Structures are given as C-alpha cells and as structure tokens.
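Coordinates in review
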Amino acid sequence: MFENFLERRSKAILFLFIPLLSFCMHLHVFKLDLIGYHVWRQTQTQSTIENFYSEDFNILNPRINSRGDGTGIFRMEFPIMQWVFACFYKIFGDHIIISRILTFIIGLFSVWGIYLLLYNIFKLQRLALMGAWCFSFSPVFYYYTMNPLPDNLALCSSIYGMAFFFKWIDNRKYSDIVWSAIFLSLSILAKLPFIVYLGGIGAYFICNFKKEGISNILKISLIFLCFLLLPVVWYLKVIGTWQGNGIVTGILSVHKSDIANLIDILQSNFISTLPELLINYGSLIFFLGGSLIVFFYKKYKNGLFPIFLFWGISVLLYFLFEMNMIGTVHDYYLFPFLPLIFIIVAYGAEKILAYPYKALRAIALIALCILPITAYLRADHRWNSIDPGFNPNLSIYKNDLRNIVPDNRLCVIGNDESSYIWFYYINKKGWAFDNDDLNRESLKMMINKGACYLYTDSKKVEQDTGVKNCISSLIMQKGDINVYKLKRKMI
C-alpha cells in the first residue's frame, strides 16, 4: 500500500510536499541575518556578493573587505554563485533575504537532482523519491540549504553531472554527456574538491574499454576536456596565490606530533559526523542495510559498481588529504560524500521496505516519517541569535555601527579572528586584528595608509598607551563595542 502511494503521488511529493515542508521548517530563517555555525565562511561569501553589487561587477575580481588600503581582490574558487547572486542584488537591492531565497532554491534543485540521479541508476520511482526525501533531511544539508556558501552550488551541479552521466550510460545520447560535462565543470569551478567525481567516470571507461571502443572514449574525453578547460585555466592561475593556505598542502604539512590529532579527527567524523550530520540517525538503518546488502548479496558484481567504487575512493582520498583542514568542525567540506551516501540510503530503504517482515517494515516507515523531526532537532539550533558565533552586539547594533561612519572610510576592527564577520556587519573595509594584537606601531602604519576609525571590543587594546596616543575621540559606544575616530597622519 505504501509503495503504491509513493508511485501514484511521486510528483506531488517531490515538487510540492517536500518544498512546502522544507519552506515551512525554514520560514523563520529567511528573515535572519547571518548568524550561527560557520558564519565566518558565510560572511566571506556574502561580502563578495555585496562587493560585486556595489563596487566591481567584474566576475574575475572577487573582493574581500579585509584588504587594508589595497584592492581586496581575492581569488579562490571561481565566484560564479556569488556573481549570479549579485545580479539579483542589482535588480532588487541589497537585502540578505535574497541570498537566503536563492540558496534555498539551489537546495530544492539539489533534492530534485538526487531524485533524477537515483532514477537514472535504479529506474524505480519510489526508490528515487525515498532517496530525495532522506537527502532533504540530512542535517548538514538541511542547515546549509539556507546559508550562502558556494558549496551549495557545487553540490547541486555535481549531482546533475553524475545524473546525466548515468542517463548517457542508459541511452547513449551524446547530449547527455555534454550536460554531464557542463554540470561537473560548473561544480569544479564553484568548489575545486568536486574534481574527484571524475574518478568514477574515468573508472567506467577503464573498466569498459573494449565495450566503448577507443574512438568513442576519445570523443567523450574531448567533450569533457572542452568544458573542463575553464576550471583548469582558472585554478592554474589562482592556486599559486594561495600562499600559506593549508588547503594546498593538506596532510603533507602535518608533523609526527599531529598524528594523535588526526586519529581523533577520523574517529569523530566516523562516529559522530557521518551518522549524526551527514546521514541523519533516522536514515542510518537504511545506510547500514544498503551497505550490508551490497556485500552480502554480491551486488558489487553489477557492471556499474566500479563507478561507485572509484567515485567513493576518490572522495575518500580527498578527505584523507584535507583531513587536517576539515577537522571536526568543517562539515560542509564533506558535501562531496552526500550523493554517494544517499545512493546507499535509497537502495537500503527500497530493499528493507520490500522485506516480508512487518516489524522491519514498520520500523522503516517510522524512520522515514521522523526524518524532518530529527533533522530539525539536530540542526535548527545552529541559527542561534543569542549565541550567534561572534560578539552579539554586532548584530544588535548593526545599523548604528554602520551609520556612524561613512562607508568609504577605511577602518581598523577587532578582535575578529575571521577578518570577515565584523567587516560584514559594519559594512566597512580596512584592517582586522585578533587576540588583542594591535599596538602603536601597527596602528600608526594603518593610519598613515588611510585608516580613519577604530572599531573594537578589546579592553586591552583600548587601555594600551600607544594606541591611546593614536585616538582622537570616542564617537560611539554600543554594548562592549567602542568606535573611535583616529588621528590623522602619524609621525
């Protein structure tokens, strides 16, 4: 009965019920400013969007606010998502809800993409629908689907890239290969780690070399190379500027003394992050069931299995290489795992619900039904306005702190470990410091380069005699944040 219901109502559930339920569950978030878990990365992304909107619309010149007296051009991933968002800002104005809405829409397309991917693999509507449902309530996806991060676009594009590749395997239309190459190239542009998805595709052609033929493989390789040219050129140009960025060196920069920490990272991600944040405890029964069925029933003999195997190995190697940077907190770095995880989850859900044991089926149905609740309980508290992840007075007095100083004046701000959060909230540019690390000499240098104001919540800095000599007057006090006008050129 349940299976027949899913078959009959699949489109209504996929395109109406899931979006409406997700919208209602996230409704309170649309009006929120950027707060909560990983607000550091969110404010970096949002500042780039706003700088495209207000300063320089050139997509090749993404700018940050922590720039001193420089241009602020800071090239990491290709800023396609940030630039597209800025297009909407050009039309509707500077409102954070625009980023919330657009990110939510990307999330919906990710859910629909998971359905397409699963259907192209298994050709079963109810399996694809259950997979999309479970994916919607992965706590990590549930949280970030409202937060402006380029990882959302990269995940969405990668899902469609793999979906079209599996569609090509079935119907052999070159148009599907073209779409696969387009979406995978877009995902790599948005976030470089998604390049590992090519490992699964490459494995298919290696394992099916005789079947596909050298001429066909060359044609398909040429198609992929054409669309991969842009990300290759971009990253070859910008990676050299990432000096001091641990992402580049990864685990190669780790010392022997860090091995115990790496073991802790592995353990935490396997025991906590995987079941609790990536999968959802409600879907865990399906993930475990699907994994066991694959091996005990020798499903690995399927001709498509090498794709999943090497796709998984490639993603795992990425994780091991960046493990020291991912740590136990950067859960959005684990987005490349999500499609593979929910292929297993969907397969497990289908097989468990097909078992003749009523008790097992009942448990599975309950698990499916509680997913929205368990996702909400695990992730919703991350949007915490009382403890937003930074000095709450920045949010409480945002407009006052912005309006007291003209936006074109360079400022010194701190303490701000991120170098992004304070600048986003006060809408200024200039220099950031942390750990009370501001003295007369450094502040004098900033003043001589154009710094006009100091925003700080550091009592140690405010009481420093050398810093006091650089201050002209206190112009605002909001909570523990003081705004000072600085003296002019210092000798």
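Structure shown above.
Report follows, based on the coordinates. Treat the numbers as computed from the prediction; the structure is a model and nothing was measured. (Residues numbered from 1 in each chain as written. Predicted model: local features only at pLDDT ≥ 70, side-chain atom pairs only at ≥ 80, totals over all residues. Heavy atoms only, no water.)

A separate point is helix H5 (residues 96-122). Under the 1.5 Å per step criterion, the end-to-end length of H5 is 40 Å for 27 residues, consistent within 8% with the ideal 39 Å. Buried residues dominate H5, accounting for 20 of its 27 residues. (Helix = DSSP H or I, 4+ residues; strand = E, 2+ residues; numbered from the N terminus. Expected span 1.5 Å × (residues − 1). Buried < 20%, exposed > 50% of the residue type's maximum accessible area, 1.4 Å probe, protein only.)

In terms of nonpolar packing, the biggest core is built from 138 residues, with Leu117, Phe166 and Trp311 touching the most fellow members. Setting aside anything within four residues of it in sequence, one finds tryptophan 311 in contact with Leu117, Met162, Phe166, Tyr197, Gly200, Pro306, Pro339, Leu340 and Ile343. Ranked by size, the runner-up nonpolar core spans 16 residues in total, among them Leu438, Ile447, Val467 and Leu486. (Core = buried A, V, L, I, M, F, W, Y, C linked by side-chain atoms within 4.5 Å. Contact = heavy atoms within 4.5 Å.)

Relative to strand S5 (residues 481-486), strand S4 (residues 471-478) is paired through six bridges, and the arrangement is antiparallel. Across the sheet, leucine 474 pairs through a bridge with tyrosine 484, a residue of S5. (Pairing = 2+ DSSP bridges.)

Under the criterion given, the structure shown has 16 salt bridges. With a shortest N-O distance of 2.5 Å, lysine 398 and aspartate 33 are connected by a salt bridge. Of this pair, lysine 398 sits in helix H21 (residues 398-403) while aspartate 33 sits in the loop between helix H2 (10-30) and helix H3 (39-54); the two residues are 365 residues apart in sequence, bridging distant segments of the chain. Comparing lysine 398 with aspartate 33 shows no difference in burial state: the two are buried. If you follow the salt bridges from partner to partner, you end up with Arg440, Glu441 and Lys444 in one network. (Salt bridge = Lys/Arg side-chain N within 4 Å of Asp/Glu carboxyl O.)

Here we come to the packing of helix H9 (residues 174-190) against helix H12 (residues 214-238). The relative placement of two packed helices is expressed as an angle between their axes plus a distance between the axes. At a closest axis distance of 9 Å, the pairing of H9 and H12 adopts a crossing angle of 20°. By the criterion of interaxial angle, the relationship of H9 to H12 is roughly parallel. H12 is crossed by H9, and the crossing has right-handed handedness. Note on element contacts: H12 touches H9 through Asn216, Lys219, Ile220, Ile223, Phe224, Phe227, Leu228, Leu230, Pro231, Trp234 and Tyr235, opposite Tyr174, Ile177, Val178, Ser180, Ala181, Ile182, Leu184, Ser185, Ile188, Leu189 and Ala190. Looking at side-chain class alone, the contact of H9 with H12 contains 18 nonpolar, three polar and one charged residues. (Axes fitted to C-alpha atoms, helices over the stretch in contact; angles between N-to-C directions. Parallel < 35°, antiparallel > 145°, perpendicular 65-115°, else oblique. Left-handed = near helix turned anticlockwise from the far one by under 90°. Nonpolar A, V, L, I, M, F, W, Y, C, P; charged D, E, K, R; others polar.)

Let us look at the state of the cysteines. Counted according to the given criterion, the structure contains zero disulfides. Counting only cysteine sulfurs, cysteine 134 is the nearest neighbor of cysteine 369, a cysteine outside any disulfide, at a range of 11 Å. Classification of cysteine 369 as exposed rests on a relative accessible area of 58%. Of all cysteine sulfurs in the structure, the one in cysteine 411 sits closest to cysteine 452, which takes part in no disulfide; the separation is 7.3 Å. A relative accessible area of 25% means that cysteine 452 is categorised as partly exposed. (Disulfide = S-S within 2.5 Å.)

In this structure, the amide linkage connecting glycine 414 to the following residue, asparagine 415, adopts the cis form with an omega of 10°. Mapped onto the fold, asparagine 415 is located in the loop between strand S1 (410-414) and helix H22 (421-426). Even without being a glycine, asparagine 280 presents a positive backbone phi close to 95°. Its location among the elements puts asparagine 280 in the loop between helix H14 (259-279) and helix H15 (284-296). We note that asparagine 435 has phi near 55°; this positive angle belongs to a residue other than glycine. Here asparagine 435 is to be found in the loop between strand S2 (429-432) and helix H23 (440-448). Residue classification places asparagine 435 among the exposed positions, given a relative accessible area of 64%.

Moving on, we come to the packing of aromatic side chains. Scanning the entire structure with this criterion turns up 39 aromatic pairs. For the ring pair phenylalanine 78 and tryptophan 234, a centre distance of 4.9 Å and an interplane angle of 90° mean the geometry is edge-to-face. Placement of the pair is phenylalanine 78 in the loop between H3 and helix H4 (80-92) and tryptophan 234 in helix H12, with a sequence separation of 156 residues. Per residue, the accessibility class of phenylalanine 78 equals that of tryptophan 234, and both read buried. Seen from their ring centres, tyrosine 204 and phenylalanine 205 are 5.2 Å apart, and the 80° between their planes marks the pair as edge-to-face. (Phe/Tyr/Trp six-rings, centres within 6.5 Å; stacked < 30°, edge-to-face > 60°.)

On to the environment of serine 157, then. Relative to the helices and strands, serine 157 resides in helix H8 (residues 150-171). On the accessibility criterion, serine 157 (3% relative accessible area) is buried. Taking C-alpha positions, serine 157 is 5.0 Å from serine 187, a pair spaced 30 residues apart along the chain. Contacts of serine 157, omitting those with residues within four sequence positions, involve Phe183, Leu184, Leu186 and Ser187.

Its location among the elements puts serine 138 in the loop between helix H6 (125-136) and helix H7 (139-144). Residue classification places serine 138 among the buried positions, given a relative accessible area of 0%. Each residue touching serine 138, except ones within four places of it in the same chain, is listed here: Leu277, Leu278, Ile279, Leu338 and Phe342.

The subject of this paragraph is a nonpolar patch on the surface. A surface patch of nonpolar side chains, amounting to about 560 Å² of accessible area, comprises Leu266, Leu309, Phe310, Ile313, Leu316, Leu317 and Leu320. No other element matches the six residues that helix H16 (residues 305-321) contributes to the nonpolar patch. Its place among the elements puts leucine 317 in helix H16. Given the relative accessible area of 53%, leucine 317 is considered exposed. (Patch = residues over 30% accessible without salt bridge, like charges linked within 9 Å, V, L, I, M, F, W, Y side chains within 5 Å. Areas by Shrake-Rupley, 256 points an atom, 1.4 Å probe, with all protein chains shown as cover.)

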